[in-house]
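# Working through the structure, step by step
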2 protein chains.
Amino acid sequence: MNNKKRILPAKKATLKDVAKHAGVSTATVSYVLNDSGSVGKTVRDNVLKSVRTLKYKPNRSAQAMRTGRTKTIGLILPDLRNPFFPELAQAIENAAREAGYAVLLIDTQGSNETEKEGIQMLSQYGVEGAIWCPASEQDSFKNFADIIPCVVVDRPMKNYDNVHSDYVMGGQMLAREILKASHTKIGLISGPQDIASARMRREGLLTELTGRAEIIWETAVPYAVGLTPETLSLINKNKVSVIVAGNDLIAIGAIRALNDIGISVPDQVSVTGFDDMPWSTLVSPTLTTIRQPLTGLGQEAVKLLKRRMNEPEAERTVIILDVDIRIRESLSWIT
Amino acid sequence: MNNKKRILPAKKATLKDVAKHAGVSTATVSYVLNDSGSVGKTVRDNVLKSVRTLKYKPNRSAQAMRTGRTKTIGLILPDLRNPFFPELAQAIENAAREAGYAVLLIDTQGSNETEKEGIQMLSQYGVEGAIWCPASEQDSFKNFADIIPCVVVDRPMKNYDNVHSDYVMGGQMLAREILKASHTKIGLISGPQDIASARMRREGLLTELTGRAEIIWETAVPYAVGLTPETLSLINKNKVSVIVAGNDLIAIGAIRALNDIGISVPDQVSVTGFDDMPWSTLVSPTLTTIRQPLTGLGQEAVKLLKRRMNEPEAERTVIILDVDIRIRESLSWIT
DNA sequence: CAAATTGACTTAAACGTTTAAGTAAGATAC
DNA sequence: GTATCTTACTTAAACGTTTAAGTCAATTTG
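Below is a short write-up of the structure. (Residues numbered from 1 in each chain as written. Chains lettered and ligands numbered in written order. Predicted model: local features only at pLDDT ≥ 70, side-chain atom pairs only at ≥ 80, totals over all residues. Heavy atoms only, no water.)

## Concerning the pairing of strand 11 (residues 318–321) of chain B
Residue and element names in this part refer to chain B. Burial of the side chains of strand 11 is restricted to one face: Ile319 and Leu321 are buried, whereas none of Val318 and Ile320 on the reverse face is. One ladder, built from four bridges, connects strand 5 (residues 161–165) with strand 11; its direction is parallel. Bridge pairing links Asn162 to Val318 in strand 11. (Buried < 20%, exposed > 50% of the residue type's maximum accessible area, 1.4 Å probe, protein only. Helix = DSSP H or I, 4+ residues; strand = E, 2+ residues; numbered from the N terminus. Pairing = 2+ DSSP bridges.)

Dropping the structure here:
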């Protein structure tokens, strides 16, 4: 059927071709293209015309070779399937492209081993910098930033430039909203306490809550829907009017557990989440939760990386962005 | 506080350095590294030792310049936030890396304009091939594949190598399951009928259903939770025992609409989705839906692209992968 | 035993840019 | 009117690889 002969990619025009076509030297063409050197108006126009008619596009590999600059950055993520990352990656790619950089993507699937390989790979491809969300909190690479300018996103990490959300603030905002809704008896299901961001969420909540409401019980679980048996039994005791969950997945788990024992959310017990995952408006009840400025994080990461690439010797910088609260059905007022 | 002086990235060892260190010519080193030419065992070992001690890694830009091969492919997606893409992107990146290729990511945010720019950009960076999920069905680029070897994923598209799911089969599987559950009165909310995959879903459903069950009403809506007024009024008529939705978002919309008028899902009316988005087990009721082999699609796309890059003149190939049905709560049996 | 082949290496050109250095002509200075 | 400075170019080297072609000794061949 479809045997229309494919046209082989015509080999691309080179600087030399343009020079010949315009009757000048390659240097002149280069000067025109880079606005350097000095070229007369007529010659410049001729060159530009030749560039257009030959559809000349500079060969990045050659430029990279000569200048040492690849106009490329790396992006290392643990797992794109985690709904946190797609929006971040999108923002980073867009901001980078805007700034004239292409993005080499590496998804490590959470493996520290792959992370190291990935970093090596990026270095070999000559990326000028990298944005990295480490798979775990300890620096699997001794100091990546010694090899390539690098900013770490989402996780606070020593010795690196950092961009992340204000998790403490998120905890505080939840606390305030909970108090405003007149809740006084609280159950707390934190995320893993060996993760800094989970600790900070908890810390923010507690500092704002102490003296004004009572933590009836507390537990910590992995970021997942399935809760631990202890947690379930705590939920079953049901002495609280609101359950604060470490993130949206945990919140869903809590809602399910409550429903399973015939307790309605939010009529009898409220639940709050954290992260505002894309589906948190799709579940029932919709989740009251904290929204991280994912796009902002990405943009700031790129900005910071550009700075770092320009001044490799600069002081370490940490950028912390404000979060938002999204008030939805799962948190109700006590009347 | 942290004013530990950053160590500037030591400039990398070059082939010449290795050659000098090993006391041979650069050609010999290159031959050793590429297993070409002929080199004696002792010399080879010496060279390898020098490579190790100098931590030499070949400079990809230079290799690219000399050989014309960048060992890089492009990945052009319309929108990473669409939950369909992260898993696909992950699979593609992993498979590509496995095959020795780095992946340049471009997220066009659905803009045809950006898509064109992106393709130009990839061509400039010298990618050896690209995997493309077009933002719209008409080829915004006349024929991308004339510029770069290219395979189109997810959407059937003429003149390109294709990899996508068997949407017809998905429709059929749903139909069979619905019949098995003894439903005979069906409401159909298709996705946009100008999209081939939506048409195919519908087609598969109908071919399998005709004569065995009745389509009481039918409508088509965009892939979103918010349904059109006509659709809502059709739902309100409630003459059906099951509503087949064009994808999971539409299914959620239908469930909400039903709940709003006091109809319980799946007790009174069943609902099916399509796509098995990551949250389809998180909603209540959990969705009966069709799972696309996202990882498989990515892997096949990379495989196919490798083939295409090796034989640019080969016939167009279309690969269609089987889908799975995920039977969950939202579809109930009529007893 | 001379001729031809093989094996192990080196030399040097090439890939497509950028850019320092050179050149020649015209303008400006004194 | 010569000397100096600009302007507008060109020449050629360099970036780090790969690879065709060359060299030379050791081995095989008839």
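## Thoughts on the protein's contact with DNA strand D
Surveying the vicinity of DNA strand D reveals 26 residues, the closest of which are Thr28(A), Gly40(A), Val43(A), Leu15(B) and Arg66(B). Ser25(A) is positioned with one of its side-chain polar atoms (N or O) 2.9 Å from a phosphate oxygen of DNA strand D. Contacts to DNA strand D include Arg66(A), whose side-chain N or O atom sits 3.0 Å from a base nitrogen. For the surface near DNA strand D, the elements supplying multiple residues, two or more each, are helix 2 (26–34) and helix 4 (60–67) of chain A together with helix 2 (26–34) and helix 4 (60–67) of chain B. (Near = heavy atom within 4 Å. Polar contact = N/O pair within 3.5 Å; in protein donor to acceptor, adjacent residues only side chain to side chain.)

## Here's the deal with the pairing of strand 4 (residues 150–153) of chain B
All names here are of chain B. Because side chains alternate across strand 4, one face comprises the buried residues Cys150 and Val152, and the other comprises Val151 and Val153, equally buried. Inspection of the sheet shows strand 3 (residues 129–132) paired to strand 4 by three bridges, in the parallel sense. Bridge assignment links Ala130 to a residue of strand 4, and that residue is Cys150. Across three bridges, the pairing between strand 4 and strand 5 is parallel. Note on strand 5: the bridge partner recorded for Val153 is Val163.

## A look at the pattern of salt bridges
Under the defined criterion, the tally for this structure stands at 36 salt bridges over all chains. With its nearest N and O atoms 3.6 Å apart, the salt bridge here joins Lys185(A) to Glu214(A). Taken as a pair, Lys185(A) in strand 6 (residues 185–190) and Glu214(A) in strand 7 (residues 214–220) lie far apart in primary sequence, 29 residues in all. Its salt-bridge partner being Asp161(B), residue Arg308(B) comes within 2.7 Å of it at the nearest N-O pair. Linking Arg308(B) in helix 11 (residues 294–310) with Asp161(B) in strand 5, this pair joins segments that are 147 residues apart in sequence. Across the pair, exposure class does not vary: Arg308(B) and Asp161(B) are buried alike. Where salt bridges share partners, they join Glu87(A), Asp276(A), Arg291(A), Asp324(A), Arg326(A) and Arg328(A) into one cluster. (Salt bridge = Lys/Arg side-chain N within 4 Å of Asp/Glu carboxyl O.)

## Quick notes on the interface of chain A and chain B
Taken together, the contact pairs 69 residues of chain A with 69 residues of chain B. Of the roughly 6000 Å² buried between chain A and chain B on both sides combined, carbon and sulfur atoms contribute 53%. For the pair chain A and chain B, the interface holds zero salt bridges. Taken together, the connections running from chain A to chain B amount to 20 residue pairs in polar contact (both at pLDDT 80 or more). At the level of secondary structure, the elements contributing two or more residues to the side of chain A that touches chain B comprise helix 4, helix 5 (84–98), strand 2 (102–107), helix 6 (112–125) and helix 10 (248–260) of chain A. Partitioned by chemical class, the residues of the side of chain A that touches chain B number 29 nonpolar, 19 polar and 21 charged. As paired elements, strand 2 of chain A and strand 2 (residues 102–107) of chain B share three bridges and run antiparallel to each other. Pairing of Leu104(A) across the sheet is with Leu104(B), part of strand 2 of chain B. (Contact = heavy atoms within 4.5 Å. Buried area = accessible area lost by both parts, 1.4 Å probe. Nonpolar A, V, L, I, M, F, W, Y, C, P; charged D, E, K, R; others polar.)

## Section: the relation of the copies chain A and chain B
The transformation that overlays chain A on chain B combines an axial shift of 0.1 Å with a rotation of 180°, and the residual RMSD is 0.1 Å. What the superposition gives is, in effect, a two-fold axis relating one chain to the other. Here 100% of the contact residues of chain A are again contact residues in chain B; the copies associate through an equivalent surface. (Least-squares fit on C-alpha atoms with pLDDT ≥ 70 in both.)

## As for the sheet that holds strand 8 (residues 242–245) of chain B
Residue and element names in this part refer to chain B. Taken in spatial order, the four strands of this open sheet run 7-6-8-9, and their pairing is parallel. Edge positions in the sheet fall to strand 7 (214–220) and strand 9 (270–272), since each has one partner strand and no second. Sheet twist, expressed as the average angle between the axes of neighbouring strands with direction ignored, equals 15°. Sheet topology note: the strand 8/strand 9 ladder contains three bridges and is parallel. Looking at the pairing, Ile243 lines up with Val271 of strand 9. The sheet strands contacting helix 8 (residues 196–209) are strand 6 (185–190), strand 7 and strand 8, and the helix crosses strand 6 at an angle near 165°. Contacting strand 6, strand 8 and strand 9, helix 10 (residues 248–260) crosses the sheet at an angle of about 160° to strand 9. (Axes fitted to C-alpha atoms, helices over the stretch in contact; angles between N-to-C directions.)

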